[in-house]
Amino acid sequence: MLSLQQQKALQWVDEGKNFFLTGGAGCGKSYIVNQIAQSEQIYKTIHITASTGKAAYLINGVTIHAFAGIETGVKNVDYYKRHMHPDIKKTWLETDVLIIDEISIINASTFDLLHSIACEIRQCYDKLFGGVQVIACGDFFQLPPVTGQFVFKSQIWQHYMTEVLILTQCFRQKDDEQIFGALNEIRFGQVSDKTIDCFMTRCFEKMKI
């Protein structure tokens, strides 16, 4: 059963909102991404992507770079527009909803590049990604971009990605509130003495053979 927050995510997809879906580990971010993609109530062409190959594999998607046809993403818009494979261009034109998982690893310049390419291909310059609904999913407390600034530093992000949905209900550690609380303290970098004591009880001296 979906939580009220997860149900709201489905509602926002149906309403056509661009939004950032976030929350700590175990709160069901990847689960709701799959639910969105498989929903029979959302009559839209949805593509699931992620910032890395491993993350894409876990959600049955592809990397955002492969989807967009930008290789490593270091060239300019004109280059990609001239060299883009017709199938990739067709996919851009037919996409209604684009999900980008593990968004924390995507930097601001790459997000801006994706926006510019989409606008050029779709010939729409006054909407995010040329009118493609964007759902960014991830946790900025996790891995940062290898180079460049966080994606939320992008002016395009700041202008269009104004809706944020934070998942707070834990599913992975639902039967152990202490561990869930401890993991959240570590996530925020504010670890209490109680949490330290909890983890210290899990420390054992190496047994001598």
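- In the annotation of an unreviewed UniProt entry, the entry for the protein chain reads ATP-dependent DNA helicase, and the organism field reads Hydra vulgaris.
- Here is the UniProt Cofactor (unreviewed entry) comment for the protein chain, exactly as written: "Mg(2+)".
- Taken verbatim from the UniProt record of the protein chain, the Sequence similarities (unreviewed entry) comment is "Belongs to the helicase family."

### Topic: the nonpolar core
So, step 1. The biggest cluster of nonpolar side chains holds 28 residues, and the ones touching the most others in it are W92, I117 and F129.
So, step 2. Going through the elements one at a time, α4 (64–68), α5 (77–83), β4 (97–101), α7 (108–122), β5 (133–137) and α8 (155–160) are the ones with two or more residues in this core.
So, step 3. Ignoring anything within four residues of it in the chain, the contact list for I117 reads I70, V77, Y80, M84 and W92.
So, step 4. Counting 24 residues, the second-largest nonpolar core is a separate cluster that includes L21, I32, I135 and L165.

### Remarks on the pairing of strand β1 (residues 19–23)
So, step 1. Across the five residues of β1, five count as buried, placing the element largely inside the fold.
So, step 2. Residues F19, L21 and G23 of β1 are buried on one face, and the alternating residues F20 and T22, pointing to the opposite face, are buried as well.
So, step 3. Bridging between β1 and β5 involves three bridges; their strand directions are parallel. In the strand pairing of β5, F19 is matched with I135.
So, step 4. In this structure, β1 lies alongside strand β6 (residues 163–167), joined through five bridges in parallel fashion. Residue pairing across strands places G23 opposite L167, the latter belonging to β6.

### What about the packing of helix α6 (residues 86–94) against α7?
So, step 1. Orientation of α6 relative to α7, taken along the N-to-C sense of each, is 90°, at an axis distance of 10 Å. Between α6 and α7, the angle falls in the class roughly perpendicular. For the pair formed by α6 and α7, the contact residues are K89, W92 and L93 on the first element and L114, I117, A118, I121 and R122 on the second.
So, step 2. Taken together, the residues of the contact of α6 with α7 sort by class into six nonpolar, no polar and two charged.

### Some remarks on the environment of C137
So, step 1. Looking at where C137 falls in the secondary structure, it is placed in strand β5.
So, step 2. By relative accessible area, which is 0% here, C137 ends up buried.
So, step 3. Residues C137 and F19, 118 residues apart in the sequence, show an inter-C-alpha distance of 8.5 Å.
So, step 4. For C137, the contacting residues outside a window of four places in its chain are F20, L21, K29, V33, I100, D101, E102 and I103.

Parameters and conventions
- Residues numbered from 1 in each chain as written.
- Predicted model: local features only at pLDDT ≥ 70, side-chain atom pairs only at ≥ 80, totals over all residues.
- Heavy atoms only, no water.
- UniProt positions renumbered as here; feature names shortened; annotations may be inferred.
- Core = buried A, V, L, I, M, F, W, Y, C linked by side-chain atoms within 4.5 Å.
- Buried < 20%, exposed > 50% of the residue type's maximum accessible area, 1.4 Å probe, protein only.
- Helix = DSSP H or I, 4+ residues; strand = E, 2+ residues; numbered from the N terminus.
- Contact = heavy atoms within 4.5 Å.
- Pairing = 2+ DSSP bridges.
- Axes fitted to C-alpha atoms, helices over the stretch in contact; angles between N-to-C directions.
- Parallel < 35°, antiparallel > 145°, perpendicular 65-115°, else oblique.
- Nonpolar A, V, L, I, M, F, W, Y, C, P; charged D, E, K, R; others polar.

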